[in-house]
Amino acid sequence: MLGVGLDNQDGHKRVTKGDNFYLVGGSEETHERMTETAIKVNEKLARKGKHLSELSPQEFAEIVREASGK
């Protein structure tokens, strides 16, 4: 997963990477939200016993919606 935040106004460069994700940019709030969502996606994958590469686009979208609370 790649997350790009475009709302940074403070000049701080934010980069976070982990299993299955690489996140760059964004305000502190946006970057934190992206990080939480990526971590929750990984937790859901672990509970399902699946790898990111095994998901259909529809399954991936559903998991991201659930993880982001939308």
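Everything below is about the structure printed above this text.
Here we summarise the structure given alongside this text. (Residues numbered from 1 in each chain as written. Predicted model: local features only at pLDDT ≥ 70, side-chain atom pairs only at ≥ 80, totals over all residues. Heavy atoms only, no water.)

With that settled, the discussion passes to the overall build of the protein chain. Counting secondary structure elements, the protein chain contains two helices and three strands. Moving toward the C terminus, one meets the helices and strands of the protein chain in the order β-β-β-α-α. Structurally, the protein chain occupies a C-alpha span of about 40 × 25 × 20 Å along its principal axes. The buried share of the protein chain, reckoned over its 70 residues, is 30%. Sequence-distant contacts, at least 24 apart, represent 21% of the contacts inside the protein chain between residues at least 6 apart. Total accessible area on the protein chain stands at roughly 5000 Å², and carbon and sulfur atoms take up 51% of it. Across the protein chain, the 11 positively charged side chains and the 12 negatively charged ones have centroids separated by 2 Å. (Helix = DSSP H or I, 4+ residues; strand = E, 2+ residues; numbered from the N terminus. Buried < 20%, exposed > 50% of the residue type's maximum accessible area, 1.4 Å probe, protein only. Contact = heavy atoms within 4.5 Å. Areas by Shrake-Rupley, 256 points an atom, 1.4 Å probe, with all protein chains shown as cover. Lys, Arg positive; Asp, Glu negative; His and termini not counted. Charge placed at Lys NZ, Arg CZ, Asp CG, Glu CD.)

There is a patch of nonpolar side chains on the surface, built from Leu-2, Val-4, Leu-6, Val-15 and Tyr-22 and spanning about 560 Å² of accessible area. As for its placement among the helices and strands, Leu-2 is situated in strand E1 (residues 2-5). (Patch = residues over 30% accessible without salt bridge, like charges linked within 9 Å, V, L, I, M, F, W, Y side chains within 5 Å. Salt bridge = Lys/Arg side-chain N within 4 Å of Asp/Glu carboxyl O.)

Before going further, it helps to examine the side chain of Lys-44. In this fold, Lys-44 is placed in helix H1 (residues 28-48). Once residues within four sequence positions are removed from consideration, Lys-44 is found in contact with Ile-63, Glu-66 and Ala-67.

Oppositely charged side chains are able to pair whenever their charged atoms sit close together. According to the stated counting rule, one finds four salt bridges in the structure shown. Arg-33 is the salt-bridge partner of Glu-29, the closest N and O atoms lying 2.8 Å from each other. Residue Glu-29 and its partner Arg-33 are both found in helix H1; the two are separated by four residues, about one turn of the helix. Look at Arg-33 and you get partly exposed, because its relative accessible area is 42%. Residue Glu-59 is joined to Lys-50 by a salt bridge in which the shortest nitrogen-to-oxygen separation is 2.8 Å. With relative accessibility at 30%, the residue Lys-50 sits in the partly exposed group.

Right, let's get into the sheet that holds strand E3 (residues 21-25). Strand order across the open sheet formed by three strands is E1-E3-E2, with mixed pairing between neighbours. Looking at the sheet topology across the chains shown, the edges are occupied by E1 and strand E2 (15-18). Each strand axis lies, on average, 5° off the axis of its neighbour in the sheet, ignoring direction. When E2 meets E3, the two strands line up antiparallel, connected through four bridges. Bridge pairing in E3 links Gly-18 to Phe-21. (Pairing = 2+ DSSP bridges. Axes fitted to C-alpha atoms, helices over the stretch in contact; angles between N-to-C directions.)

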